[in-house]
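Listed below, chain by chain, are the residues.
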Amino acid sequence: MSQPNTTFPIIVHLDLDCFFVQVEQQKDPSLKGKPVAIQQHQDIICVSYEARALGLKKHTHPDVAMQMIPSLRLVHVPKEFGSKVTYHDYRRMSTAVFQEVCQFVAKEHLEKQGLDEAFLDLTQVVQSCTQPPQDLVGKLHTTTTGLGRQV
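We now turn to the structure provided with this report. (Residues numbered from 1 in each chain as written. Predicted model: local features only at pLDDT ≥ 70, side-chain atom pairs only at ≥ 80, totals over all residues. Heavy atoms only, no water.)

### Considering the sheet that holds strand β3 (residues 43-47)
Item 1. One open sheet accounts for three strands, arranged β3-β2-β4; its pairing is mixed. On the outer flanks of this sheet lie β3 and β4 (73-76), each paired with one strand and no other. Taken pair by pair, the neighbouring strands of this sheet meet at an average axis angle of 35°, ignoring direction.
Item 2. As paired elements, strand β2 (residues 36-40) and β4 share four bridges and run parallel to each other. (Pairing = 2+ DSSP bridges. Helix = DSSP H or I, 4+ residues; strand = E, 2+ residues; numbered from the N terminus. Axes fitted to C-alpha atoms, helices over the stretch in contact; angles between N-to-C directions.)

Structure follows, in structure tokens:
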């Protein structure tokens, strides 16, 4: 296969959809397949696909969310020292996922934008790749799908 001849960068935006829900499902497998929302104080910060299908969106007040979907499982972001939330579990999972991503792209070509998203400069990877770029993207997708393997 001939190498792509490109003079422009190849940048991929990686966004781990439903990240906070997936972390909580990993901690409590009974949440899988159910409408789930992650609550931080009086705000919904993440919604599972099942809850989205029932019309729930981020930033809905938790009381309204429960009226919309009585079977909704609300999981509060863990707290420590009283009312202070902690993202410890989410940071740990984020670190594990992006360590896996670094098998494909050097750390200096990864620019994290938060716990669950990053921009990847794949220019050198694609230029030196002996397989079609879509195969690389497929492998990257497989690596970041199923967070349970990352813990």
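### What to know about the nonpolar core
Item 1. Grouped together as the largest cluster of nonpolar side chains are 31 residues, with contacts concentrated most on F19, F20, I38, Y87, Y90, V101 and L120.
Item 2. With five residues, helix α4 (residues 88-101) is the single largest residue contributor to this core.
Item 3. Residues within four places of F20 in sequence aside, it is in contact with I38, I45, C46, Y87, Y90 and L115.
Item 4. Counting eight residues, the second largest nonpolar core, distinct from the first, contains A37, V47, A51 and A65. (Core = buried A, V, L, I, M, F, W, Y, C linked by side-chain atoms within 4.5 Å. Buried < 20%, exposed > 50% of the residue type's maximum accessible area, 1.4 Å probe, protein only. Contact = heavy atoms within 4.5 Å.)

### What to know about the sheet that holds strand β8 (residues 117-121)
Item 1. Judged by pairing direction, the sheet is antiparallel, and its three strands sit side by side in the order β1-β8-β7 without closing on themselves. Strands at the two margins of the open sheet, each flanked by one partner only, are β1 (11-15) and β7 (110-112). For this sheet, the mean inter-axis angle between neighbouring strands, taken without regard to orientation, is 20°.
Item 2. Direction of pairing for β1 relative to β8: antiparallel, over a ladder of five bridges. Bridged to D15 within β8 is E117.
Item 3. Across the sheet, α4 lies against β1, β7 and β8, angled at about 160° from β7, the strand it touches most.

### Observations regarding the packing of aromatic side chains
Item 1. For the structure on display, the rule yields four aromatic pairs.
Item 2. For the pair F19 and F20, a centre-to-centre distance of 5.6 Å together with 80° between the ring planes defines the contact as edge-to-face. In terms of burial, F19 and F20 fall into one category: buried.
Item 3. Members of the aromatic cluster, joined through ring pairs, are F19, F20, Y87 and Y90. (Phe/Tyr/Trp six-rings, centres within 6.5 Å; stacked < 30°, edge-to-face > 60°.)

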